[in-house]
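Each chain is listed here by its residues.
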Amino acid sequence: MNTGAMLRMLDRADKEVMKLSRADKGAVYEFTHKFRNNPDNPGLQLKSLHGNSRLMSARINRDYRALLLHIAERDFLLVAVKHRSEVYDDLSRYAYRINRVTGGIEVIDLTPVGDSIVGRVVSADSSVAVPSVTDPAVTDPSVADPQPTPKPIFDRYSDTELVELGVAEPLLPQIRDLTTEAELLELLDRAPQLTTDVLFALFDGKTYDEVRAQVTDPVRAEEPIDPEDFEAAVARPATQVTSDDEALQAMLVESFGRWQIFLHPTQRKLVERQYNGPARVGGGPGTGKTIVALHRVAYLSRQLPPGVDKPILLTTFNRNLAADLRTRLMALGGEELVARVDIVNIDRLASRVVAEARAGGGRRTVSDNEVPQLWADFLIETGETGWEPEFLAAEWTQVILGQVLNSRIDYFKARRPNRGRSLNRMERDQIWRLTERFTTWLEGQGIWTWRQVAERAARLEMDRAAASTTESSGSLHRPRYRHVVVDEAQDLSAAHWKMLRAMVASGPDDMFLTGDTHQRIYDNHVTLGSLGINIRGRSSRLTLSYRTTRQILADALQIMTGEVYDDLDGGEEDLAGYRSLLRGERPSFRGAATWAQERDLIAEQVHAWGDPTDGSVAVCVPTREFAADVIARLEADGLPAVEIGPDGPKQPDGVHVGTMHRFKGLEYQRMIIAGVSDGLIPRQAISRYRDTDPKRYQRERQRDRSLLFVAATRPRDELVVLWHGTPSPFLTSRLVQRQLP
């Protein structure tokens, strides 16, 4: 006699499981095995809702219960996992139905409506058959409403219209009572997906016809829907389920990368909103800023008229991040979407503009990191001794080139934010003359820097934009793009921003920026408003991290203690409210006497994790020399180690090893941050500015702290921090004292 059963898991239940501790996730997995083997096992305590044989509950462990929908004989669907305190014997707070549009099974939480509503599988013959909530002010004239009743958000739409769009009927009484955005967000956090999509679209101003065409019709089932046929419903794509053991296990342990495609209602609102000008979305690491940027690109692309051009620019600072954006956008929308988007890192974009104008003169472009040494060489050759090469390099790069200053007069009037030492008019005159000679000297060497390329591109685009305002509407000098989307906006220089501002006409939805100044790892400090990019009133912040556990997040936030960061527009920004719903092990901290001993600890930790070679583990270090040492140590133990280069890991498998700059935009399941020692993080080299240029010292120190913060927020599950000698001052005494014996 076959005692087994089919048990599938609904995607909504999976999202609930993702919030559980690892121990409780394991209990869910054990429950599914037991139930499949024998659902009649007395320990499972399977029982039906009173008066409804389809909706059932079963015991997972002492604290949690599974809510099941009985599809057919020995065929069940796990639709929710709830704490026992939330589940009553009659399960009165839940209703399950087949959506009349998609034909998929939906989960509906009725508790907010009131205790008078009894959860049930909604009858196919019922219309909008949900009792309304009684208002005492209506039934009792003596109960006066002290204030005018706020206007309901969705009063312009009838019940029939909402149901035709796919909204769940049992939620209509709650929807009718919604008067604020906060109430809407609270409801939609518990609503079925299609209901969420429809209400958000209506709330954002789309018409009934637009919502029907853009939201409802794409998910409409092709065949007629029988609202009582749960066997057919569970097989439809709209009912996102898994029944495969391996897939179920992967889901229960939060399969790596799943969170990358999850669009929370709050994120959806930012993606699909119409903005009257530039808009910015901030938020800590892992809050989904890049995902929002990608979905924003997809949203803007859907509004485009047919064509073969690329009217949308998607850009960022790092080359490896640009390559990752292309990969993710392809996964999101395929070739059809990517074909309408110009995806390029910002320096390549500037180089392209210069090449089109043939303004480079055949010069070779060198890294901006070489600029201080180039200035030193120039000063030696010319015999100039009045200025330090590092100061001149920064002044030239950040102020003169960064702000695209056209003349000595412009330089005299320019603001020099975060530059520390003040300059009088005579000193500025000396510096301007030196920079003119320096650029001529560079040209004689046949080289120029990426900052010079950005400055030249900005000039060219600004001239191009000016020409478009003076010529006829048939001019060829039209803006290059209709929309510009920037990821990791905090890393761009003022010259980059001036170039981008000139590339797109000012107007609705012109620029969409995502970034976090706490992750600024390059010395670019700008005020967007002064560059013609006004984000005032159009700035939003994400606070929920989907990447890392709350334990890792708590320690990463300690690293940022005591620092104040800007908001790209002259104000301050903090990480207040930044949180995670994921739970895990606390990060471990451990010191060693020497770098050689620390390398041994790295190898031991990788072995303790089972020698994974699938690219899920990484080692982060301060310098390339340290990276080479770690690679050699791992390879000596037979572990394949892969260096992370400027375009990302050279291959996907192996243990990835790289410097902190290389980890921007990457994520791993487990990570080791090594070499977190005083003198390495922060760099010993910046100590010379402590007395001579305190503001620069603070700026450089803040940049090194941001690098460590970025590294600490890359892992999802486990983090190990190592050092040798004296630990970095960025590691608080609380963290250091927690080190393993």
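Structure shown above.
Nothing here was measured: the structure is a model prediction, and the numbers come from that model.

The rules behind the values
- Residues numbered from 1 in each chain as written.
- Predicted model: local features only at pLDDT ≥ 70, side-chain atom pairs only at ≥ 80, totals over all residues.
- Heavy atoms only, no water.
- Pairing = 2+ DSSP bridges.
- Helix = DSSP H or I, 4+ residues; strand = E, 2+ residues; numbered from the N terminus.
- Axes fitted to C-alpha atoms, helices over the stretch in contact; angles between N-to-C directions.
- Parallel < 35°, antiparallel > 145°, perpendicular 65-115°, else oblique.
- Left-handed = near helix turned anticlockwise from the far one by under 90°.
- Contact = heavy atoms within 4.5 Å.
- Nonpolar A, V, L, I, M, F, W, Y, C, P; charged D, E, K, R; others polar.
- Salt bridge = Lys/Arg side-chain N within 4 Å of Asp/Glu carboxyl O.
- Buried < 20%, exposed > 50% of the residue type's maximum accessible area, 1.4 Å probe, protein only.
- Core = buried A, V, L, I, M, F, W, Y, C linked by side-chain atoms within 4.5 Å.
- Right-handed = clockwise from strand over helix to strand, strands pointing away.
- Arc of directions from axis to C-beta.
- Patch = residues over 30% accessible without salt bridge, like charges linked within 9 Å, V, L, I, M, F, W, Y side chains within 5 Å.
- Areas by Shrake-Rupley, 256 points an atom, 1.4 Å probe, with all protein chains shown as cover.
- Lys, Arg positive; Asp, Glu negative; His and termini not counted.
- Charge placed at Lys NZ, Arg CZ, Asp CG, Glu CD.

Some points on the sheet that holds strand β10 (residues 312–315)
Here is step 1: Taken in spatial order, the 6 strands of this open sheet run β11-β10-β14-β15-β9-β16, and their pairing is parallel. Looking along the sheet, the strands with just one partner apiece sit at the ends: β11 (341–343) and β16 (539–542). Within the sheet, the average angular offset between the axes of one strand and its neighbour, ignoring direction, is 15 degrees.
Here is step 2: One ladder, built from 4 bridges, connects strand β9 (residues 279–283) with β16; its direction is parallel. Bridge assignment links Gly 282 to a residue of β16, and that residue is Arg 541.

Observations concerning the packing of helix α6 (residues 181–188) against helix α7 (residues 193–203)
Here is step 1: Close contact between α6 and α7 brings their axes to 10 Å; oriented N to C, the two are set at 165 degrees. Taken together, the axis directions place α6 and α7 in an arrangement best described as roughly antiparallel. Both α6 and α7 take part in a crossing whose hand is left-handed. Residues Glu 181, Leu 184, Leu 185 and Leu 188 of α6 lie in contact with α7, whose contacting residues are Thr 195, Thr 196, Leu 199, Phe 200 and Phe 203.
Here is step 2: A class-by-class count of the residues in the contact of α6 with α7 yields 6 nonpolar, 2 polar and 1 charged.

Some remarks on the pattern of salt bridges
Here is step 1: With the rule as written, the count across this model stands at 32 salt bridges.
Here is step 2: Here Arg 220 ties to Asp 217 by a salt bridge, and the two come within 2.9 Å at their closest N and O atoms.
Here is step 3: Taking the relative accessible area as the measure of exposure, Arg 220 reaches 32% and is therefore partly exposed.
Here is step 4: When its relative accessible area of 35% is taken as the criterion, Asp 217 is described as partly exposed.
Here is step 5: One salt bridge connects Glu 643 with Lys 650, and the closest N-O pair in it is separated by 3.5 Å.
Here is step 6: By relative accessible area, which is 62% here, Lys 650 ends up exposed.
Here is step 7: Overlapping salt bridges bring together Arg 97, Arg 100, Glu 106 and Glu 169 as one network.

Overview of the nonpolar core
Here is step 1: The biggest cluster of nonpolar side chains holds 33 residues, and the ones touching the most others in it are Leu 349, Trp 497, Met 499, Leu 500 and Leu 513.
Here is step 2: For this core, the secondary structure elements donating two or more residues are α14 (346–356), α19 (450–470), β14 (483–486), α20 (494–503) and β15 (511–514).
Here is step 3: If you tally residues by element for this core, the top one is α20, at 6 residues.
Here is step 4: Excluding residues within four positions of it along the chain, Leu 500 makes contact with Leu 313, Thr 315, Ile 346, Leu 349, Val 484, Val 486, Leu 492 and Met 511.
Here is step 5: Within the second largest apolar cluster, 29 residues are counted, among which are Val 163, Ala 191, Leu 199 and Val 211.

Focus: the environment of Asp 555
Here is step 1: Assignment of secondary structure puts Asp 555 in helix α21 (residues 550–559).
Here is step 2: For Asp 555, a relative accessible area of 6% gives the class buried.
Here is step 3: Considered as a pair, Asp 555 and Leu 735 are 180 residues apart in the sequence and their alpha carbons are 7.4 Å apart.

Section: the pairing of β14
Here is step 1: What you see with β14 is no split at all: His 483 and Val 485 on one side and Val 484 and Val 486 on the other are buried throughout.
Here is step 2: Bridge count for β10 against β14 is 4 bridges, and the pairing is parallel. From the neighbouring strand, Leu 313 faces β14, where its bridge partner is Val 484.
Here is step 3: A crossover links β14 with its parallel partner β15, the connecting element being α20, and its sense is right-handed.

Quick look at helix α8 (residues 208–216)
Residues lying three or four places apart along an α-helix face the same way, a consequence of the helix completing one turn every 3.6 residues.
Here is step 1: Taken residue by residue, α8 has Tyr 208, Val 211, Val 215 and Thr 216 as its buried positions. Projection of α8 onto a plane perpendicular to its axis shows the buried side chains occupying an angular sector of 70 degrees, all on one side.
Here is step 2: Taken together, the buried residues of α8 touch α4 (159–165) and α7.

Quick word on a negative patch on the surface
Here is step 1: A cluster of acidic residues, Asp 226, Glu 228, Asp 229 and Glu 231, forms a negative patch at the surface.
Here is step 2: Along the chain, Glu 228 turns up in the loop between α8 and α9 (230–235).

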